[in-house]
Each structure stands twice: as C-alpha cells, then as structure tokens.
Amino acid sequence: MCGIVGYIGDKEALPVLIDGLKHLEYRGYDSAGVAILGEDLKIVKTRGRIKDLEAKLKNSNLKGKIGIGHTRWATHGAPNDENAHPHFSESKNIVIVHNGIIENYLELKKMLINEGHTFRSETDTEVIAYLIESFYDGDLLLAVKKAVNMLEGSFALGVMSKDEKDRFIAVRKDSPLVVGLGKGENFIASDIPALLSYTRNIIILENGDIAEIRKDKVNLFDLSLNPVKRDVQKITWSVDDAKKGGFKHYMLKEIFEEPQVIREAMRGRVKDGKIEVPELNFAKKFLNEINKIYFVACGTAYHAGVVGKYLAENFLRITAEAEVASEFRYRDPVIDKKTLVFVISQSGETADTLAALRLAKSKGAKTIGIVNVVGSSAAREVDSVVYINAGPEIAVASTKAYVAQVEVIALSILYLAKLSDKLTEKEERLFASAFEGLPEKAEKILKQSDSVAEFAATTKTIEETFYIGRNLDYALSLEGALKLKEISYVHAEGYPAGELKHGPLALVTPKSLVIAIDTYSPLREKTLSNIKEVKARGGKVLAVASEGYQKIEEVADKVFYVPKVADELSPVISVIPLQLLAYYVAESRGLDIDKPRNLAKSVTVE
Ligand code: AGP
C-alpha cells in the first residue's frame, strides 16, 4: 500500500502535496517524493519519511501550480532514493506516481529494453512511465489509455507531462484513488484524509476509471476513453476517522482489508491453474536433501508457523517443527546444511526472530523469510524472501498480516512440493482454484460481523476462555486465544482438543466459554466429541465450523459457519471470526484496541 496525491490549481502545489502525503503516511513510509511542473518538470525524492523529504526540499526551489507526490510501501525494489517515486520516463518529459503491483512488468520491461530503452530503477512503476512515453505524441490522456490497457495487476496512477501544464491524468484499477473537487482547483489522493483540509466533495473512482484533472474541470472516462459519470460524495468524517476508513479502530479496518490482502498476497503467484513462487527456485536436488524444516517466529507469526509445520509435513513429508524464536535461539537446536528454516515476521525487525535467523545461518541452514516490510532486516538477511504484500499494519494486534502469512506459507510449501515432484498437476490446479476463491469467501465471512458482535456482547461476565481444535484447527486455536487475550485482557488459552481430558477440563465450569474450531474435516467428529465433554460439564461452547456441518448445532450453543474451502487453506479464512470475536469483546469493554496495554507493534528488543 502506498499513498499518492496530485494537485492542480492556483496555489503553489508543493505545500498541498506535502500536507496530503503527511495524511497518507499510514499507507506507507519507507520513502517519499514529489514532482512539480513549473518552469521545468522537477522531482525531489528520498528514502525515509515525509520529514526527510521536507529536509531535502529546503535546498530546492520547487515552484509550480501542478504536481504529484508519493509516500511508499515498497513491494518491488528495496526502499532507497532511486526506487522512491515519482519516476521519470526515459526523456524525463513524463513523470508518474503509482500504488499497486504490476504483474507483467518484467515482460514489458524486456520489450522496452529490446526497443533500446535503458532503465534507472528496479521498480515496476518506472516501466509504466516508459510505456506511456512510448505512446506519447502530444496527447497524455491517449498515451496513458494505451499504456494502461497493456498492464496486468493493480494500479492507482498520477501522471504529468512536461508539455501539458493545464492537466494531469489519474487512473484507478484495484488500488484505491479518489478525486477531490475544489473551487478553481482539483486533487487526487489514494485516500480521503489527504484532501479534507481542502474539500469535502469527493469522487471515489471505480476500477477502470481514467480521470483528466484540470483546475476548473474533471473529466472521467473508461479504459476505452468513453466518458463516464460518477457521483460526488460529501464527506462528513473527521481526518482521523477518514484514516480509519470510517472504522472505529485500525484493527477493524485491517480485518476488513483482508479480502484485498488475500488477493495481493497471491498476485503474480496464482495464475492459469499454476502456483509460482519464483523467489523459491531451489534445485530439486537441494530440496531432496532437506531432512528438517523449522518455522521460527514470535507471537502471531509463530502461530502462522504452526500452520506451516502441519502443511510442510503433509505435502513435503519432511519432519517439520514450529518454534518460538526466543526458545529456539537459546536451546542450541540441531541444524546443518540439510535444514530449511522459515523465519516469519511482519515487521522483519523482531529481535528474537532475527537472532534465531542468524543462529540458523551460522549453522549452515538455508533460510526463507515470510516478511511484510520490504527491505527490513529479516528480508535482507535471509537467503530468499517471500513478501506477503499486506501493506502497513497499524494496529498492534496482527490480523491481516497473519492471514497473508498463512496464505504465503501455503503457497510456498505447495510450490516446494511442486519443485520436488510431490504435487501433481491436478492437485496444483485444484489448489490454485481454491486460492482464487478465498477473497470472496473472506468477504462472505465479514458479512457475519454483526452476529459476531451480538455474540460478543453476551460475554461481558466471561473471565477466561479456552480455544480448542485439532491439527490446523489447533494452530488456529493458538491465534484465536492470543487475539482475545492481547486486546480484551480476558485470559484465553489454545489447546489441542484432545488435551482437555488431560487436565484443562478441570477448569471447565458453567462460567467457562470454550471456542471450538472444527473446520478440519478429517477430525471434525473427534472435535465434536470434545465439545460434548465441555457441554457435559456445563461449559458454554461457541463453535467455528464449515458450512454444511449442521450436526454441530445440536451440541454447540452458537455456531459461526465459514464457507467450505480446502482443509489445508482453511486457516486463511477461518481465523476471521476469531479476529472479529476478539475485536468485539474488547470493544464491548471499551478498551484501547489499537494500542493494548504493555504491548508494542514491533518488539525490537529481547
Ligand atoms: C500479534 O497480534 C502481536 N502483536 C505479536 O505477537 C506479533 O505477532 C509478534 O510480536 C511478532 O511480530 P513480527 O511478526 O513483526 O515479527
């Protein structure tokens, strides 16, 4: 997720762009830049935050009444000055800012290189600027239209030409983009907060919209340049509410982003019935020598690693363990060059996880990073990094990152199975289709959020809970319990359902709430019998089950159904009711959900 802004009017553009970018820093903050068209077309950009850009701007005299700006969350190319946006075309007559991921940028780049062009950066965005220029013959709108019709992927664009001071062009496909309508001035931005200081009259562009932004008029077109009309919305939100997209907390906003996060995490990795994770192109000989796999992480990332353990043993038939990094790093684990270590980290900066990574490397293991923050320490130090493309996660409680971690771990393991001839073409096709169905199924679950809220309101007197499940549902029970305890402060523990009678059942009373996750179909009857054990002791049971498993209603007090999906992919979406439950229980208790007591978003110390 990045933030883009654009302005044309009678004011100096620079202050407007900087102010807008500051309101979009929650969308990305590893580098930033602006382009202003005045006497000349100039760019100033830098690695770092908006304040670093402002420092760099002190020495430049950027004057002009039309401009575009960008604050970056890197997906292609490490965060540095060269990869920061805006990007020039080769002649520097055209400039662009972009939010999204272009899936076919490499083939377009090869085509342009074969036509004799030379590139400056490693980004997918620069390819768009060069492509627009290749079509430019004095009409920027037409050149943009021709170029974007060749793009595959997600993009919100702002484009300016040195030769056209009276307009700039914007395009929206899959990445959000809004138009702000002022008096004698007009704007674009990735999100509404950037514009509320100037106008509350907003057009929310739809997929495929191309906008011609003039200071006294905005014209909208489809991808064939047929005129389109869009409603103007009057925004009444405060700036802070707007940053949360109208949600009460970032955590809820991030849960509702999950369908799109699931799409972005698989973008370029699932296509035409194939699963491709090119970052993991290990030789089959190497893979066949691996005899041990570790998934090492902390907190929620560790829980994603537990899912990985089950999937790795299932598909690769190699012994796999999930380990808490703070234990792994000090127990002198058995590691050698036949060991494969996955380190999982949203921030890529967690101290224990980094220490575990360095230990594994020092003992000769091959290391894979499942990371969100591009260019973070973990991303730089592993042998191969597979980014989860979840965008910045602001809430301390990790939700969309967990969903993307589990999804990318599943994609990675299936790809390694494919490379080592342990996945048939038919299986690959079936799983590819299952991945493609996930976003819609996630959306269907999110539509249940009101009933989750209603149930949460009945838990005011609950002081402790047990989450139980078997196999992948056990992995989910750990994450569900962590979510609840870290934001509602209600004691919660995740247990293998089969463990109840070995001790925890002694704690079950009519005051207990047990959340039974029963989606893993091979063991669902077993878990159902554990639910009966709890009911026999008077405990209250909330079950999460797959649609169609009606018999569970005869036993559980309440059932949240999730759409049926391949068992191996169930954690990607079955976690959503658990995240919503934690959120609404905490919300019903009036707690500071985005910043829970005693916790930090990234634990960069031991
Ligand atoms: C998750 O809700 C917590 N905020 C925490 O457990 C987090 O997952 C853990 O600290 C790991 O962080 P990382 O993914 O950035 O390494």
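This text follows the structure it describes.
Within each chain, residues carry numbers counting from 1 in the order of the written sequence. Given that the model is predicted, a residue must reach a pLDDT of at least 70 before its local features are reported, and side-chain atom pairs must reach 80 or more before they are shown or counted; all residues, however, enter totals for whole chains, interfaces and linings. Values shown for side chains rest on all heavy atoms present in the structure; no hydrogens or waters enter the calculation.

Got a sec to walk through the overall build of the chain? Specific residues and values, please.
Secondary structure elements follow DSSP: runs of H or I of four or more residues count as helices, runs of E of two or more count as strands, with numbering from the N terminus. Each helix and strand in the chain was counted, giving 20 helices and 26 strands. Its C-alpha radius of gyration of 25 Å places the chain within 12% of the 25 Å reference for a compact globule of 606 residues. Expressed along its principal axes, the backbone C-alpha trace of the chain runs to roughly 80 × 55 × 45 Å. Out of the 606 residues belonging to the chain, those deemed buried represent 60%. Two residues form a contact once any of their heavy atoms are found within 4.5 Å. Considering only contacts in the chain between residues 6 or more positions apart, those separated by 24 or more positions represent 73%. To measure how exposed things are, a 1.4 Å probe is used in the Shrake-Rupley method; for residues, cover is taken only from the protein chains shown. If you sum the accessible surface of the chain, you get close to 22700 Å²; carbon and sulfur atoms cover 50% of it. We score Asp and Glu as negative and Lys and Arg as positive, and we do not count His or the chain ends. One atom stands in for each charge, and that atom is NZ of Lys, CZ of Arg, CG of Asp or CD of Glu. In the chain, 82 side chains carry a positive charge and 85 a negative one; their mean positions are 2 Å apart. For this measure, only C-alpha atoms enter the radius of gyration; the expected value for a globule follows 2.2 Å times N^0.38, where N is the number of residues. Here's how the labels work: a residue is buried when its accessible area is under 20% of the maximum for its type, exposed when over 50%, partly exposed in between, all with a 1.4 Å probe on protein chains only.

An account of the site of the ligand is requested, with residue identities and associated values reported.
Here a residue is near a molecule or strand as soon as one of its heavy atoms is found within 4 Å of it. Surveying the vicinity of the ligand reveals 14 residues, the closest of which are Ser-345, Gln-346, Ser-347, Thr-350 and Glu-486. Ser-398 is positioned such that a nitrogen or oxygen atom in its backbone is 2.8 Å from an oxygen atom of the ligand. Distance and chemistry together define a polar contact, namely a pair of N or O atoms within 3.5 Å, with one atom able to donate a hydrogen and the other to accept it when in protein, and with adjacent residues in sequence counting only for side-chain atoms on both sides. In this structure, an oxygen atom belonging to the ligand sits 2.5 Å away from a side-chain N or O atom of Glu-486. Coverage of the ligand by the protein chains reaches 91% of its 410 Å² of free accessible surface. Mapped onto the shell around the ligand, the elements with two or more residues apiece are helix H10 (299-316) and helix H18 (472-488). For the shell around the ligand, the residue count by class is five nonpolar, seven polar and two charged. Residues are grouped as follows: nonpolar covers Ala, Val, Leu, Ile, Met, Phe, Trp, Tyr, Cys and Pro; charged covers Asp, Glu, Lys and Arg; every other residue, Gly included, is treated as polar.

Hey, could you go over helix H5 (residues 140-148) for me, with residue numbers and the actual values?
For H5, the full list of buried residues reads Leu-140, Leu-141, Ala-143, Val-144, Ala-147 and Val-148. The buried side chains of H5 occupy one side of the element, clustering within an arc of 165 degrees when seen end-on. Taken together, the buried residues of H5 touch strand E6 (94-99), helix H4 (125-135), strand E7 (155-161), strand E8 (168-173), strand E12 (209-213) and strand E13 (218-221). This arc is taken over the directions from the axis of the helix to the C-beta atoms.

Lay out the layout of surface pockets in plain terms, naming residues and giving numbers.
Reported here for the largest pocket is a volume of approximately 920 Å³. Taken together, 41 residues make up the lining of the largest pocket; nearest its centre are Met-1, Arg-27, Pro-176, Glu-257 and Gln-260. Taken together, the elements giving at least two residues each to the lining of the largest pocket come down to E6, helix H7 (250-256) and helix H8 (258-266). Among the elements that line the lining of the largest pocket, the one with the most residues is H8, at four residues. In terms of residue class, the lining of the largest pocket is built from 16 nonpolar, 15 polar and ten charged. Any residue with an atom within 4 Å of a point lines the site, the site being either a cavity, points on a 1 Å grid over the protein atoms alone where a 1.4 Å probe fits but cannot get out, or a pocket, an open set with protein on both sides within 12 Å along at least 5 of 7 lines. Grid points are joined across faces, edges and corners, and a volume is the space filled by probe spheres set on the points.

Describe the packing of aromatic side chains, with residues and values.
Any two rings among Phe, Tyr and Trp, with Trp reduced to its six-membered ring, count as a pair given centres within 6.5 Å; such a pair is stacked if its planes are under 30 degrees apart, edge-to-face if over 60, and tilted if neither. With the rule as written, the count across this model stands at twelve aromatic pairs. Ring geometry for Tyr-7 against Phe-187: centres 5.3 Å apart, planes inclined by 55 degrees, an arrangement best described as tilted. Of the two residues, Tyr-7 sits in strand E1 (residues 3-8) while Phe-187 sits in strand E10 (residues 186-189), which places them 180 residues apart along the sequence. Of the two residues, Tyr-7 and Phe-187, neither departs from the other in class, the shared state being buried. Centre to centre, the rings of Tyr-294 and Phe-328 are 5.0 Å apart; their planes meet at 70 degrees, and the pair counts as edge-to-face.

Give a description of the sheet that holds E8 that names residues and reports values.
A strand pair is defined by DSSP finding two or more bridges across the two strands. Read from one edge of the open sheet, six strands run E5-E6-E7-E8-E12-E13, paired in antiparallel fashion. Both outer strands of the open sheet, strand E5 (87-88) and E13, are each paired with one neighbouring strand and no more. With six bridges joining them, E6 and E7 adopt antiparallel strand pairing. Bridge assignment links His-98 to a residue of E7, and that residue is Leu-157. Across the face of the sheet, H4 comes into contact with E5, E6 and E7 while running at roughly 140 degrees to E6. Working convention: axes come from line fits to C-alpha atoms, limited for helices to the stretch in contact. Angles between N-to-C directions cover 0 to 180 degrees. Its contacts with the sheet place H5 against E6, E7, E8, E12 and E13, and it is angled at close to 150 degrees to E7.

Tell me what's going on with helix H1 (residues 13-22), and back it up with residues and numbers.
Where burial is concerned, most of H1 is hidden: seven out of the ten residues are buried. Among the residues of H1, those classed as buried are Ala-13, Leu-14, Val-16, Leu-17, Ile-18, Gly-20 and Leu-21. Buried residues in H1 make contact with E1, strand E2 (31-37), helix H2 (50-57), strand E4 (66-72) and E10.

Before we move on, could you go through the packing of H8 against helix H16 (residues 438-446) and cite the residues and values that matter?
Axis separation between H8 and H16 bottoms out at 8 Å; the angle between their running directions is 165 degrees. Considering their axes alone, H8 and H16 lie roughly antiparallel with respect to each other. Both H8 and H16 take part in a crossing whose hand is right-handed. Here Pro-259, Ile-262, Arg-263 and Met-266 of H8 come into contact with H16, specifically with Leu-438, Pro-439, Ala-442, Glu-443 and Leu-446. Of the residues contributing to the contact of H8 with H16, the split by class is seven nonpolar, no polar and two charged. Each angle receives one of four descriptions, namely roughly parallel if under 35 degrees, roughly antiparallel if over 145, roughly perpendicular if within 65 to 115, and oblique otherwise. Crossings are assigned a handedness: left-handed for a near helix turned anticlockwise from the far helix by less than a right angle, right-handed for a clockwise turn.

Tell me about the packing of H18 against helix H20 (residues 570-588), and please be specific about residues and values.
Where H18 meets H20, the axes come as close as 9 Å, and the angle between the chain directions of the two elements is 20 degrees. Taken together, the axes of H18 and H20 lie roughly parallel to each other. H18 and H20 meet at a crossing whose hand is right-handed. Here H18 contributes Leu-472, Leu-476, Glu-479, Gly-480, Lys-483, Leu-484, Ile-487 and Ser-488 to the contact with H20, which in turn contributes Pro-571, Ser-574, Val-575, Leu-578, Gln-579, Ala-582, Tyr-583, Val-585 and Ala-586. Partitioning the contact of H18 with H20 into residue classes produces eleven nonpolar, four polar and two charged.

Can you break down the side chain of Asp-209 residue by residue, with the values?
If you trace the backbone, Asp-209 turns up in strand E12. The exposure class of Asp-209 is buried, given its relative accessible area of 1%. Separated by 2.8 Å, the side chains of Asp-209 and Arg-230 make a polar contact. Once you skip the residues sitting within four places of it in the chain, Asp-209 turns out to touch Ala-170, Val-171, Arg-172, Phe-221, Val-228 and Arg-230.

Which residues make up the environment of Leu-57, and what values go with them?
By the secondary structure assignment, Leu-57 is in helix H2. In the structure, Leu-57 is positioned 23 residues away from Val-34 in sequence and 9.5 Å away in space, judged by C-alpha atoms. Setting aside its immediate chain neighbours within four residues, Leu-57 contacts Leu-14, Ile-18, Val-34, Val-44 and Leu-62.

Everything listed here is a matter of geometry and, on its own, says nothing about what the molecule does.
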